[in-house]
There are 2 protein chains.
Amino acid sequence: MQRIHYTPYLDKIQTTEQAALLINNNDVLGVSGFTKAGDSKAVLPMVAERALYEGLKVTVLSGASLGYDTDANLARNGALVKRMPFQADPTLRTAINKHEVLYVDQHLGQTADMLQKIDTFKIDVAIVEAVSVTAEGFIVPTTSVGNSPIFLEKADKIIIEINTSFPESFLGLHDIKVLKKQPHRGIIPILKSDTRIGDPFIRIDPSKVVAIVYTEKPDSPAVISDPDEKTKAISNHILDFLGKEVDEGRLTESLLPLQAGIGKTANAILSGFTKSRFKNLTMYSEVLQDSTFDLFDAGKLEFASASSITVTKKCADNIFKDFEKYKSKLVLRPQNISNAAEVISRLGIIGINTAIEFDIYGNVNSTHITGTKMMNGIGGSGDFARNGYLSIFACPSTSKGGSISHIVPMVSHTDHTEHDVDVLVTEQGLADVRGLAPVERARLIINNCVHPDYRAQLLAYFDKAYSLGGQTPHILKEAFSWHTQLKTQGTMHMNDYSSCDV
Amino acid sequence: MQRIHYTPYLDKIQTTEQAALLINNNDVLGVSGFTKAGDSKAVLPMVAERALYEGLKVTVLSGASLGYDTDANLARNGALVKRMPFQADPTLRTAINKHEVLYVDQHLGQTADMLQKIDTFKIDVAIVEAVSVTAEGFIVPTTSVGNSPIFLEKADKIIIEINTSFPESFLGLHDIKVLKKQPHRGIIPILKSDTRIGDPFIRIDPSKVVAIVYTEKPDSPAVISDPDEKTKAISNHILDFLGKEVDEGRLTESLLPLQAGIGKTANAILSGFTKSRFKNLTMYSEVLQDSTFDLFDAGKLEFASASSITVTKKCADNIFKDFEKYKSKLVLRPQNISNAAEVISRLGIIGINTAIEFDIYGNVNSTHITGTKMMNGIGGSGDFARNGYLSIFACPSTSKGGSISHIVPMVSHTDHTEHDVDVLVTEQGLADVRGLAPVERARLIINNCVHPDYRAQLLAYFDKAYSLGGQTPHILKEAFSWHTQLKTQGTMHMNDYSSCDV
């Protein structure tokens, strides 16, 4: 059979319906898929169907978010006991915030390690998408690697989804190594973005394979709106800042390997590099969006390492039809290597991630709306912010017609502490807070990043708190007053903020 | 001259007074010293004197905290413009919280990297304590390495303090390597606690040495009270937990390399290992306290790596008179290697640190009293918690006669986020929150760690917040009500907490 180069697997070929029946109630599933790319497009959606008709319950561990409506249907049909380490689906998000699904929001680089440390998540079934199976029965992944290697190692049973929408020439794109548990971890000998340390396939025990199904459904396309004035301004501030670092001799024009989070802002920031002075760039990131291929086409980017490729339909059509042109400049790694503290600190990554809100002292909230409701999850932002060379967080200064300021007195949830944040940027400007004490940071952030409509209001909070003393001046009674007023009055803007009692 | 094995230095010998005059107003000083050990005991105290009489102002970067009253006198005499990356002195703390001194509270592993990245802190003078100078003019440090290698590399001028209270046989105790700036960092090839990768001395440019002074003042002794019932109980909970990890096959009886923070609780926890089932232990830590030597003497510990040795007078008298007995089992490293993300993640450190407070979701405050006033600083706790194998945080459940609960609805300052905390422990018990969603963590923490006097009160907060939904249930208006009530009524205990309005 086409794409299965290991004959003993031929009698494992089943329909999606048959394969999905191999999953038992309360199973823990380890599934491929990272920011929509390379996810299960047949069996896992069928698990959602079985939940609807039979009340099947499962725990789902993935690489990151899944494509199409898979997470939505799993949530809507009550299939999920627990979900980790990331999601980005509105229906699932609602179910999580209603306590219908337990959600563990985890650093994307740490899930594989966790599976080696605790027994809570014994993987019953791994469901992994592949472009092909090698002559040894090993798996060649599709557009993402994610946590698949560890899931396949830990799983009792393996279901493979051969996806014929991707070319078999994907073989050679991936670099797979399963890190050993400490104290046997050893060195991860990656010295540059393009260092390869493993195999182009995932080694598995063929006797664990219980089913192989065929699909031809492409990845859910990324939908990215064009850069707007705000994201362009953010991008320009970052480019200016990095240019100054070069002018003053702290970086070269090839900078250091770039990481960028997912979404419109991150994509726009990265796209800004196409027309910049920088050259011979490299990426050591977790997900590659359209902007990566724009940078290749512009001759700016030399090499890109990540754990997944998540692009729009137009970009996918382009790059997959002419894949050889890009393949030698790409590598996809397991996410505990793309996001490894060891490699990120050694290579000195410049990490650019987006914030939901940040505060006057540089603490960042990446996950929770008004401190309680989960948006998506921390993803890999912490892996890069914690251990990289430069940790940049960006967001617009305001949104919802100015009723929300994304710079607040105190973040309502902390994902990245003041200790891990170097640069903050909005369309208003950029604050480089490296080496600054909290009170210095506050003045710089208020001056450079805050929208003019909120500047006096935020300065009033800071001045009042400052007058009371303390390394990090705050008035605990008022620290969340902006958030609570937003809830009651629909805006963070205050008419009279100068007379509040202390 | 004794201990100076490089003759060109002999005309650099000066009095402390002369040497201190080489420091100019507004200089940035990079000084040796880490948790009191190996600090400048002559020239820096004289800088404090000059501040009193001449109004001299300096910025002081150290390894960590300094000994005797140096930080206190610098602060009291108005000498300090800025201080980083750590302090632990009551007078300096007060000055910081009064905004008399700018304080940058930084991960101890990251200061050296910061000096390579930004020019804000051009080191004018490095002041470093030494047991001797080699024939090449290189420096053999005393009881700490700290940030001295990077200070010496970056400094325009170097002042050496030869301290004759330490034996010259310290030569061989240290392992020094200056890491290159990215992208030239390369691998840090430490595979075990005892791996040596550098020199037993700090290489310097001898032409930068402007003065050498002699001292014979020993390190300020650590003062550690004996373990009390609470710290003993905390230690036992941790030992029981680790024992269970061994019983269930997740760790061996030699565990993984241990790190422990400084202070009474950490020392008591580590001392508990002397009478435990564990054996062939190793440490990869930042500071070694008395407990390390208790563990050596009990035959439990094979090797200890750190950046400093900070012990009581009794312990110091013991180990330095018989130093050869311990020397082969010890190594002192620069703090950006003792605390390196790369090594900590590779070796799989078990990090045990103390908290000021933690919340029901596992966020930890290590630094700020009621969210505003600095206590000491984050130190190295984040370096280990972020990248280690197991991140344990401990504190008593209550203090001040029960008026303060150290487990609160929401921490008033976040140093370690929910993503980086694995185990929380008080004398009441231990909560292993690995793999748990926030609402699961809350129930476990309330049940296991909270003092009975606060359990119902905390559960009432959680239940009420839970009823409103959200991944991390909170009521922002009440999240800090415990802290604000403590300020107004002297206790966090509430008589009526069930009827609060939502």
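Residues numbered from 1 in each chain as written. Chains lettered and ligands numbered in written order. Predicted model: local features only at pLDDT ≥ 70, side-chain atom pairs only at ≥ 80, totals over all residues. Heavy atoms only, no water.

On to the environment of Y214 of chain A. Residues and elements named next belong to chain A. By secondary structure assignment, the location of Y214 is in strand β8 (residues 209–215). Look at Y214 and you get partly exposed, because its relative accessible area is 25%. Between the C-alpha atom of Y214 and that of T111, which follows or precedes it by 103 residues, the distance is 28 Å. Within the local environment of Y214, its side chain forms a polar contact with the backbone oxygen of Q2, the two atoms lying 2.5 Å apart. (Helix = DSSP H or I, 4+ residues; strand = E, 2+ residues; numbered from the N terminus. Buried < 20%, exposed > 50% of the residue type's maximum accessible area, 1.4 Å probe, protein only. Polar contact = N/O pair within 3.5 Å; in protein donor to acceptor, adjacent residues only side chain to side chain.)

A separate point is the UniProt feature "domain: Acetyl-CoA hydrolase/transferase C-terminal" (unreviewed entry) in chain A. Within the UniProt annotation, "domain: Acetyl-CoA hydrolase/transferase C-terminal" (unreviewed entry) is assigned to residues 322–461 of chain A. As a span, residues 322–461 of chain A carries 31% helix and 26% strand, and end to end its C-alpha atoms are 56 Å apart. (UniProt positions renumbered as here; feature names shortened; annotations may be inferred.)

At the interface, 74 residues of chain A touch 74 residues of chain B. Interface area for chain A against chain B, summed over the two sides, is near 6200 Å², with a carbon-plus-sulfur share of 55%. Scanning the region where chain A abuts chain B turns up 8 salt bridges. Between R386 of chain B and D420 of chain A there is a salt bridge, with its nearest N and O atoms 3.4 Å apart. There are 45 residue pairs in polar contact (both at pLDDT 80 or more) connecting chain A and chain B. (Contact = heavy atoms within 4.5 Å. Buried area = accessible area lost by both parts, 1.4 Å probe. Salt bridge = Lys/Arg side-chain N within 4 Å of Asp/Glu carboxyl O.)

A turn of α-helix holds 3.6 residues, and therefore any two residues three or four places apart point the same way. Residues and elements named next belong to chain B. Within helix α8 (residues 264–271), 7 of the 8 residues are buried, which leaves it mostly tucked inside the rest of the structure. Where α8 is concerned, the buried positions are T265, A266, N267, A268, I269, L270 and S271. Where α8 is buried, its residues contact α7 (229–247), β9 (258–260), β10 (281–284), α9 (290–297), β15 (350–354) and β20 (390–394).

Another point: the pairing of strand β25 (residues 429–432) of chain B. Residues and elements named next belong to chain B. Across 4 bridges, the pairing between strand β24 (residues 423–426) and β25 is antiparallel. Each residue of the ladder has a partner; that of V425, found in β25, is L430. Following β24, the chain reverses through 2 residues before pairing antiparallel with β25. (Pairing = 2+ DSSP bridges.)

Structural alignment of chain A on chain B gives an RMSD of 0.0 Å, achieved by rotating through 180 degrees and translating 0.0 Å along the axis. Look at the turn and shift together and you get a two-fold axis relating the two. Judged by C-alpha distance, E342 of chain A is the residue of chain A that lies nearest the rotation axis, at 1.9 Å. Looking at chain A, 100% of its interface residues are interface residues in chain B too, so the copies touch through the same face. (Least-squares fit on C-alpha atoms with pLDDT ≥ 70 in both.)

On to unusual backbone geometry. A cis amide bond links Q182 of chain A with the next residue in sequence, P183 of chain A, at an omega value of 10 degrees. Mapped onto the fold, P183 of chain A is located in the loop between β7 (157–163) and β8. Cis geometry is found at the peptide bond from M84 of chain B to P85 of chain B, where omega equals -5 degrees. Tracing the backbone shows P85 of chain B in the loop between β3 (80–84) and α4 (90–97). We note that L255 of chain B has phi near 50 degrees; this positive angle belongs to a residue other than glycine. Relative to the helices and strands, L255 of chain B is located in the loop between α7 and β9. Take L255 of chain B: its relative accessible area is 5%, and that puts it in the buried class.

With that settled, the discussion passes to the packing of helix α8 (residues 264–271) of chain A against helix α9 (residues 290–297) of chain A. The description of two helices packed together rests on the angle between their axes and the distance between the axes. All names here are of chain A. Here α8 crosses α9 at 10 degrees, and the two axes come no closer than 8 Å. In this view, α8 runs roughly parallel relative to α9, as classed from their interaxial angle. Between α8 and α9, the residues in contact are N267, L270 and S271 and D290, S291, T292, D294 and L295, respectively. Split by residue class, the contact of α8 with α9 holds 2 nonpolar, 4 polar and 2 charged. (Axes fitted to C-alpha atoms, helices over the stretch in contact; angles between N-to-C directions. Parallel < 35°, antiparallel > 145°, perpendicular 65-115°, else oblique. Nonpolar A, V, L, I, M, F, W, Y, C, P; charged D, E, K, R; others polar.)

So, on to the sheet that holds strand β16 (residues 357–359) of chain A. Residue and element names in this part refer to chain A. The 3 strands are arranged β17-β16-β23 in an open sheet whose pairing can be described as mixed. Since the sheet does not close on itself, it has two edges, and those belong to β17 (364–365) and β23 (407–408), each with one partner. Taken together, the 2 bridges between β16 and β17 define a ladder with antiparallel strand orientation. The partner of E357 across the bridge, within β17, is N365.

On inspection of all chains with the given rule, the structure shows 57 salt bridges over all chains. In this structure, R250 of chain A and D119 of chain B form a salt bridge, with 2.5 Å as the shortest nitrogen-oxygen distance. One end of the pair, R250 of chain A, is in the loop between α7 (229–247) and β9 (258–260); the other, D119 of chain B, is in the loop between α5 (111–117) and β5 (125–133), on a second chain. We classify R250 of chain A as buried; its relative accessible area is 11%. Given a relative accessible area of 48%, D119 of chain B falls into the partly exposed group. In this structure, the salt-bridge partner of K41 of chain B is D39 of chain B, at a minimum N-O distance of 3.0 Å. Note on K41 of chain B: relative accessible area 8%, which makes it buried. Via salt bridges that share partners, D119 of chain A together with E245, E248, R250, D432 and R434 of chain B belong to a single interconnected network.

To continue, consider the pairing of β3 of chain B. All names here are of chain B. Most of β3 sits out of view: 4 of its 5 residues are buried. The sheet contact formed by strand β2 (residues 58–61) and β3 spans 4 bridges and is parallel. In the strand pairing of β3, V58 is matched with L80. Regarding topology, helix α3 (residues 70–76) serves as the crossover connection from β2 to the parallel β3, and that connection is right-handed. Bridging between β3 and strand β4 (residues 102–103) involves 2 bridges; their strand directions are parallel. Considered in β4, the bridge of K82 is made with L102. Read from β3 through α4 to β4, the crossover connection turns out right-handed. (Right-handed = clockwise from strand over helix to strand, strands pointing away.)

This part is about the confidence of the model for chain A. Residues at a pLDDT of 70 or more form 99% of chain A, whose mean pLDDT is 96. Reported confidences for the modelled complex are a pTM of 0.97 and an ipTM of 0.97. (pLDDT = per-residue confidence, 0-100.)

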